[in-house]
Amino acid sequence: MATKRRVSYYYDPDVGNYSYGLGHPMKPHRIRMAHQLISAYGMLDSMDVVRPTRATPLQMTRFHTDEYVDFLNRVSPETSVEMTGGGTRFLVGEDNPAFDGLFEFCSISAGGSINAAERLNSGKTDIAINWAGGLHHAKKREASGFCYVNDIVLSILELLRYHARVLYIDIDCHHGDGVEEAFYTTDRVMTCSFHKQKDYFPGTGRMEDGGKGKGKGYSVNIPLLNGVTDEEYQSIFEPVIQHIMDWYRPGAVVLQCGADSLSGDKLGVFNLSMHGHANCVRFLRAFNVPLILLGGGGYTIKNVSCAWTYETACALGIEREIDLNLPYNPYLEYYGPRYRLEVQPSNMTDDNHPYLEQTKIQILEGLRDLPFAPSIGMQNVPSASVSQETGIRVRDNDGDSDLSDLDVRIAQRVRSAFADRSSSNTESSDSDEPLRSRHPHSLLSYFPNRQRQRDANSSDDDDETESEVDDDEDDNDSELRRSRRKRRNVVNGRSGQRRHRSSKSTTTPADGFDGLVFGNRTWLEFPAIGSKSSSSTTRNPSKRTFFKKTGPVWSSGGDRALALGLSMGRDVDGADDAMDLNDDNDGGGSGVGSVGWSANARNGNGLQPYSYPYRTPAIGNAASPMSLS
């Protein structure tokens, strides 16, 4: 018996509900048939069965263009002619119709492959299976060959986050042109495709097509002719893959198990049996390398479900133990008249006899010229996005919901962060460890170290000193205000006169809370900007920065905006305003280091992170620090 492997199986029950249209050879229903047969054999108990998270548009744009993903998200059968320019862009030809639920189907397929790669990277599984994936023809900006989103490329990109080299093997009858094109110029991914090339879709995959630039030699194409048998396929598959595994040393392998290379396929021209096709899975399983099994082509649906069921058994190592007489399942009548787990070869003509041996020799000679296991500099890769790290996450399926709910979630997140830190400071009041080291994901921790005023209330002498300093600064501010003209500013859509900043509103930062006090303005001292010497520091003394919290703001005309956030502004020129966008020589300072998120409840822009340094709208002492409207 083969060594036991941890196998994860990805399946979404909705995948069989979609249809390419009446008369179209691609039938997503075959995936449901395969799942029911796998379940009938009791294999689900031996695997980790996972319903994949559907891929988001943002995940799809790791490979596909933004406009193409947006098109897939919006196109419908009624609007396809207009949106494709009469079939001249995105969906070219009749192979790729715009059917109902197109984007959902693509998100299921891509989500399963991405999740499989993530689980493989985490070390939770040895073999991951997603029979809904394997759509290898999809291009960066257009659909091709029944494939809309290239889940294989997305899966490999995820694997490359943790593996220096990835091997992609394609045993579909058609050439995997979309995957080869994506990695044609890199040596981090080697593509190896066994296919029919001459006078056959897509027409690519010649033996001479071996990559370009840094990827020269890392695209391996083995074009075969009609009628190839199990023995011939094995005679070229195993030597080529053995040499690649020994010489290239991939960290993970992705195997596309397109079933249109089986005998009797409606669109295929090979003569492989179920056992000959599954031998590829058995051979790769023996290398003990992390492996992803994906679906692909296959248009005689009973043969497809039989082959993928048997290959699932091969992944589990129980292929010799299962009964080839089919158990009862909801689609038993599809497998008549023999009702057996089999795909038998036919007596079709084999054109590969004089050609195959010469092809194998030429391929192996080309592989010997490659360097051994090309290296790559690796570095730590973030495991989550910024939105996930901060706990504020926007889901694409929330697009129809009111953005006020999003604003509420942001507000709750900020309040909970304040409450957590307040309780943490109370429990560890005797600790001198800086808060920055204990909370590395603080919104305010991304800014330069600043002088904390924790001991401001420790003694009466300190209070008196602080009061004297504030009085001196108020005098300087008064002189500056008299020397400049009065002007009005607009904040949060309202105009108001700037008010005097007095020492009464100045409070000491909460102990250990990065100088943030909700409901009050808090001042902190920062070193001067751009000082390259001590003399320049003397000329530009440290300026004080304030933070302020604002409550919900409801403006007229139905515009709703929840203005709750954090903002940091620097009083560069010592004037009243801490931030000023208009460089009109009116004494306004440059806002540096603003942090927060903007949620526009009217135009639906969603979350937009603020970066720094940049110049922000004018904000006065009494104004809201950051407008979320």
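Refer to the structure above for everything that follows.
Residues numbered from 1 in each chain as written. Predicted model: local features only at pLDDT ≥ 70, side-chain atom pairs only at ≥ 80, totals over all residues. Heavy atoms only, no water.

## Observations concerning the overall build of the chain
Then comes step 1: Looking only at helices and strands, the chain has 16 helices and 18 strands in total.
Then comes step 2: The proportion of buried residues among the 629 residues of the chain is 51%. (Helix = DSSP H or I, 4+ residues; strand = E, 2+ residues; numbered from the N terminus. Buried < 20%, exposed > 50% of the residue type's maximum accessible area, 1.4 Å probe, protein only.)

## Re unusual backbone geometry
Then comes step 1: In this chain, Phe 201 is followed by Pro 202 through a cis amide linkage whose omega measures 0°.
Then comes step 2: For Pro 202, the position within the fold is in the loop between strand E5 (189-196) and strand E6 (219-224).
Then comes step 3: Here the phi dihedral of Phe 90 falls at roughly 65°; this positive angle occurs in a residue that is not glycine.
Then comes step 4: Checked against the element boundaries, Phe 90 lands in the loop between helix H4 (80-83) and helix H5 (102-122).
Then comes step 5: The phi dihedral of Tyr 339 is positive, around 55°, even though this residue is not glycine.
Then comes step 6: With respect to the helices and strands, the residue Tyr 339 is situated in the loop between helix H10 (301-316) and helix H11 (353-368).
Then comes step 7: Among the residues examined, Tyr 339 registers a relative accessible area of 38% and is labelled partly exposed.

## Side note on the packing of aromatic side chains
Then comes step 1: Tallying each qualifying case throughout the model produces 19 aromatic pairs.
Then comes step 2: When the ring of Phe 99 is compared with that of Phe 105, the centres are 6.1 Å apart and the planes differ by 70°; the resulting orientation is edge-to-face. The burial state of Phe 99 is the same as that of Phe 105; both residues are buried.
Then comes step 3: Members of the aromatic cluster, connected to one another through ring pairs, are Tyr 18, Tyr 20, Phe 99, Phe 105 and Tyr 148. (Phe/Tyr/Trp six-rings, centres within 6.5 Å; stacked < 30°, edge-to-face > 60°.)

## Things to note about the packing of helix H8 (residues 230-248) against helix H9 (residues 274-285)
Then comes step 1: Remark: H8 packs on H9, axes separated minimally by 10 Å, with the N-to-C direction vectors making an angle of 20°. For the element pair H8 / H9, the angle class is roughly parallel. Pair H8 / H9 crosses with right-handed handedness. Along the contact surface, H8 presents Asp 230, Tyr 233, Gln 234, Phe 237, Glu 238, Ile 241 and Gln 242, while H9 presents Gly 276, Asn 279, Cys 280, Phe 283 and Leu 284.
Then comes step 2: Here the contact of H8 with H9 is built from residues that sort into six nonpolar, four polar and two charged. (Axes fitted to C-alpha atoms, helices over the stretch in contact; angles between N-to-C directions. Parallel < 35°, antiparallel > 145°, perpendicular 65-115°, else oblique. Left-handed = near helix turned anticlockwise from the far one by under 90°. Contact = heavy atoms within 4.5 Å. Nonpolar A, V, L, I, M, F, W, Y, C, P; charged D, E, K, R; others polar.)

## Concerning the environment of Val 304
Then comes step 1: By the secondary structure assignment, Val 304 is in helix H10.
Then comes step 2: Along the primary structure Val 304 and Ile 31 are separated by 273 residues, whereas in three dimensions their C-alpha atoms are 8.4 Å apart.
Then comes step 3: Setting aside its immediate chain neighbours within four residues, Val 304 contacts Arg 30, Ala 259, Gly 298 and Tyr 299.

## Re the pairing of strand E7 (residues 252-256)
Then comes step 1: For E7, the buried fraction is high: five of the five residues fall into the buried class.
Then comes step 2: Side chains Ala 252, Val 254 and Gln 256 project from E7 onto one buried face, and the interleaved Val 253 and Leu 255 project onto a second face that is buried too.
Then comes step 3: Sheet topology note: the E7/strand E8 (residues 291-294) ladder contains four bridges and is parallel. Note that in E8 the partner of Val 254 across the bridge is Ile 292.
Then comes step 4: Remark: the E7/H9/E8 crossover connection has right-handed handedness. (Pairing = 2+ DSSP bridges. Right-handed = clockwise from strand over helix to strand, strands pointing away.)

## Examining H10
Then comes step 1: Taking 1.5 Å of rise per residue, the 16 residues of H10 would be expected to cover 22 Å, and the 23 Å separating its terminal C-alpha atoms lies within 8% of that figure.
Then comes step 2: Counting buried residues along H10, 14 of its 16 residues qualify, which places the element largely inside the surrounding structure.
Then comes step 3: Directly after H10, the chain includes Gly 317, whose backbone phi takes a positive value near 80°. (Expected span 1.5 Å × (residues − 1).)

## Observations regarding H11
Then comes step 1: Within H11, the full set of buried residues consists of Leu 356, Thr 359, Lys 360, Ile 363, Leu 364 and Leu 367. With its buried residues spanning 125° around the axis, H11 presents them on a single face. Along H11, exposed side chains directed more than 90 degrees from the buried face belong to Pro 354 and Gln 358.
Then comes step 2: Those residues of H11 that are buried are in contact with E6 and H8. (Arc of directions from axis to C-beta.)

## As for the pairing of E6
Then comes step 1: For E6, the tally of buried residues reaches six of six residues, placing the bulk of the element in the interior.
Then comes step 2: Side chains of E6 alternate between two faces, with Ser 219, Asn 221 and Pro 223 and Val 220, Ile 222 and Leu 224 buried alike.
Then comes step 3: In this structure, E5 lies alongside E6, joined through six bridges in parallel fashion. Bridge pairing in E6 places Ser 193 opposite Asn 221.

## Here we look at empty space enclosed by the protein
One simple way to see leftover space: roll a probe sized like a water molecule over the atoms.
Then comes step 1: In total, this model carries six cavities of 30 Å³ or more according to the counting rule given.
Then comes step 2: Taken as a whole, the largest cavity holds about 50 Å³ of empty space.
Then comes step 3: In terms of lining, the largest cavity is formed by 14 residues, of which the most central are His 136, Gly 145, Cys 147, Gly 297 and Tyr 299.
Then comes step 4: The space that makes up the second largest cavity amounts to roughly 40 Å³.
Then comes step 5: Met 190, Tyr 218, His 243, Ile 244, Trp 247, Tyr 248, Leu 367, Leu 370 and Pro 371 are the residues that line the second largest cavity. (1 Å grid on protein atoms, 1.4 Å probe; cavity = no way out; pocket = protein on both sides within 12 Å on 5 of 7 lines; lining within 4 Å. Points joined across faces, edges and corners; volume = space filled by probe spheres on them.)

## Thoughts on the sheet that holds E6
Then comes step 1: With parallel pairing, eight strands are arranged side by side in an open sheet as E2-E1-E3-E8-E7-E4-E5-E6. Because the sheet does not close on itself, it has two edges, and the strands there are strand E2 (48-50) and E6. Along the sheet, successive strands turn relative to each other by an average axial angle of 15°, direction set aside.
Then comes step 2: In this sheet, E2 lies alongside strand E1 (residues 7-10) in parallel orientation, the contact comprising three bridges. The residue of E2 that forms the bridge with Tyr 10 is Val 50.

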